Amino acid sequence: MIIETALRTRQTSEYYFSVKLAEVRKLIAEGHDVINLGIGNPDMMPSEETLQALSQAALKPQAHGYQPYVGTIAFRNAIARFYDHTYGVKLDANTEILPLIGSKEGITHISLTFLDPGDEVLVPELGYPAYRAVSQMVGAVVKEYPLREDHGWQPDWQAMESLVTPRTKLLWLNYPHMPTGAPATLALFEEAVAFARRNRILLCHDNPYSLVLNKQAPLSLLSVPGAMDLAIELNSMSKSHNMAGWRLGWVAAAKPYITAILTIKSNVDSGMFWAMQEAAVAALGNSDDWHRARNEVYQGRLDAAQAFLQALGCTWDKTQEGMFLWGKLPDSVESAESLVNRLLLEKHVFIAPGFIFGPKGQRYIRLSLCMPKERIWEAVERIRS
Ligand SMILES: Cc1ncc(COP(=O)(O)O)c(C=O)c1O
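The structure presented is a predicted model; accordingly, all values stated were derived computationally and were not measured.

(A) Here's a closer look at the domain arrangement of the protein chain. The domain boundaries assigned to the protein chain delineate domain 1 (8-45 + 289-384) and domain 2 (62-284). One C-alpha centre belongs to domain 1, the other to domain 2; they are set 25 Å apart. Tallying the contact residues gives 35 residues for domain 1 and 33 residues for domain 2. Surface buried jointly by domain 1 and domain 2 totals about 2900 Å² across both partners, of which 56% is contributed by carbon and sulfur atoms. Joining domain 1 to domain 2, the criterion identifies two salt bridges. For Glu125, the salt bridge identified is with Lys360, shortest N-O distance 2.8 Å. Where domain 1 touches domain 2, the interface holds 15 residue pairs in polar contact (both at pLDDT 80 or more).

(B) Representation of the site of the ligand in the model. The environment of the ligand is made up of 14 residues, and the closest members are Asp206, Tyr209, Ser236, Ser238 and Lys239. Between the ligand and Ser238 there is a distance of 2.6 Å, counted from an oxygen atom to a side-chain nitrogen or oxygen. The side chain of Arg247 places a nitrogen or oxygen atom 2.7 Å from an oxygen atom of the ligand. For the shell around the ligand, the per-class residue count stands at five nonpolar, five polar and four charged.

(C) The sheet that holds strand E3 (residues 120-124), seen in detail. Pairing within the open sheet is mixed, and its seven strands lie in the order E2-E10-E9-E8-E7-E3-E4. Edge strands, defined here as strands with exactly one partner in the open sheet, are strand E2 (97-100) and strand E4 (141-145). Averaged over all pairs of adjacent strands, the angle between strand axes in this sheet comes to 20°, irrespective of strand direction. Here E3 runs beside E4; their pairing, made up of five bridges, is parallel. Residue pairing in the sheet places Pro124 in a bridge with Tyr145 of E4.

(D) Representation of the environment of Leu230 within the structure. Here Leu230 shows up in the loop between strand E8 (202-206) and strand E9 (231-236). We classify Leu230 as buried; its relative accessible area is 8%. Sequence spacing of Leu230 and Ala254 is 24 residues, and the spatial spacing of their C-alpha atoms is 8.4 Å.

(E) Broad picture of the pattern of salt bridges. Inspection of the entire model under this criterion finds 21 salt bridges. A salt bridge links Glu4 to Arg10; its shortest N-O distance comes to 3.8 Å. We classify Glu4 as exposed; its relative accessible area is 69%. Salt bridges here are not isolated pairs; linked through shared partners, they connect Asp33, Arg375, Glu378 and Arg382.

(F) Here's a closer look at helix H2 (residues 16-29). Taking 1.5 Å per residue, 14 residues should reach 20 Å; H2 reaches 20 Å between its end C-alpha atoms and fits that length. Within H2, the full set of buried residues consists of Phe17, Lys20, Leu21, Val24 and Leu27. Buried residues in H2, looked at end-on, bunch into an arc of 105°, giving them a common side. In H2, the exposed positions that point more than 90 degrees away from the buried face belong to Arg25, Lys26 and Ala29. Taken together, the buried residues of H2 touch strand E1 (35-37), helix H12 (336-347), strand E13 (349-353) and strand E14 (364-368). In the stretch just after H2, Gly31 is the one whose phi turns positive, near 100°.

(G) Representation of the packing of aromatic side chains. Under the criterion given, the structure shown has 16 aromatic pairs. For the ring pair Trp157 and Phe195, a centre distance of 5.4 Å and an interplane angle of 45° mean the geometry is tilted. Taken together, the positions of Trp157 in helix H7 (residues 157-161) and Phe195 in helix H8 (residues 186-199) put the pair 38 residues apart, joining distant regions of the chain. Taking the relative accessible area as the measure of exposure, Trp157 reaches 10% and is therefore buried.

(H) Seen up close, the UniProt feature "domain: Aminotransferase class I/classII large" (unreviewed entry) in the protein chain. The feature "domain: Aminotransferase class I/classII large" (unreviewed entry), as given by UniProt, occupies residues 33-383 in the numbering adopted here. Overall, residues 33-383 shows 38% helix and 17% strand. The separation of its end C-alpha atoms is 14 Å.

Calculation criteria
- Residues numbered from 1 in each chain as written.
- Predicted model: local features only at pLDDT ≥ 70, side-chain atom pairs only at ≥ 80, totals over all residues.
- Heavy atoms only, no water.
- Domains from an automatic or database assignment.
- Contact = heavy atoms within 4.5 Å.
- Buried area = accessible area lost by both parts, 1.4 Å probe.
- Salt bridge = Lys/Arg side-chain N within 4 Å of Asp/Glu carboxyl O.
- Polar contact = N/O pair within 3.5 Å; in protein donor to acceptor, adjacent residues only side chain to side chain.
- Near = heavy atom within 4 Å.
- Nonpolar A, V, L, I, M, F, W, Y, C, P; charged D, E, K, R; others polar.
- Pairing = 2+ DSSP bridges.
- Helix = DSSP H or I, 4+ residues; strand = E, 2+ residues; numbered from the N terminus.
- Axes fitted to C-alpha atoms, helices over the stretch in contact; angles between N-to-C directions.
- Buried < 20%, exposed > 50% of the residue type's maximum accessible area, 1.4 Å probe, protein only.
- Expected span 1.5 Å × (residues − 1).
- Arc of directions from axis to C-beta.
- Phe/Tyr/Trp six-rings, centres within 6.5 Å; stacked < 30°, edge-to-face > 60°.
- UniProt positions renumbered as here; feature names shortened; annotations may be inferred.

Okay, here's the thing in structure tokens:
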């Protein structure tokens, strides 16, 4: 006997990587040396201070009990200092910050907090798949807004205006943008805030890449005057602090929004391990030099990734930021899917096809920089041979 699952399990398909990485593991088990340039999983270590703080805190007897739903005040204070130092944004650690088990979790909490069935959500036509999947899970209606490739992959605000109806409730934005690497600009954020204000929409900005290969000072959407009235920002230590597996992130917003999100979140999960929060405090204090050194390593890898795209005959935009490289396929390549499968089976190199981020990505591929540069160069050699 099989008990039927809820409808929502049939609206959403299994995550592409969950399926594809099983194939990668199978090839590895068969003895093949697979170079995985598919997933954005930082391979570098957190700072030494972070690891020391974790191990010292883990030895304390008080470390192991339940923790506050709102995270420790030490962690929230460290986030407030980080926001001030990094973006020049002042946040109240008591009321305007809520630690999360990664920003992915925040997408669900925010959607449960603000969306009723039938509400409409604007998601980028190319973007992180969870915005769409979670909106559908909570019964909201997804409306894709177009991005203009000829305008640095920024939203087409005019087209977006025509998508707004009285049911439009929430807009997902993410710059530096994944997967295209389009940078954030203050003008873009100002336009987003003005759009949200005009249309009475909650603006949710997802900001995990601001410190990775950024070419100018990192930006927070909350630095736009008046943004706190109608905007929420997710941030994460996964990429910027090499701590993806730790599951540390937060949402920053005005007090009423944080209180509302906490109502949902405190019924779903509990505060994270105290030692991890202590370690997060140390990590948030990483020096600017630490971040610079991490970016130098990514820069070396970027050179190799560009050679990889060149070997495939792809074109790409040199202004990209973040830890991926987004390339456009030449006309001679039949489809991203066939190329990705061929590279995996024949060259044992795994890359992400652009369509997993939305149909607009059909003719694109995404390379991750989370591999030592020697391995990326090895992948280049395999392609060239
Ligand atoms: C745009 C974007 N948002 C959110 C996430 C999730 O990050 P976290 O590890 O903080 O859950 C990712 C991860 O790849 C991402 O690319």
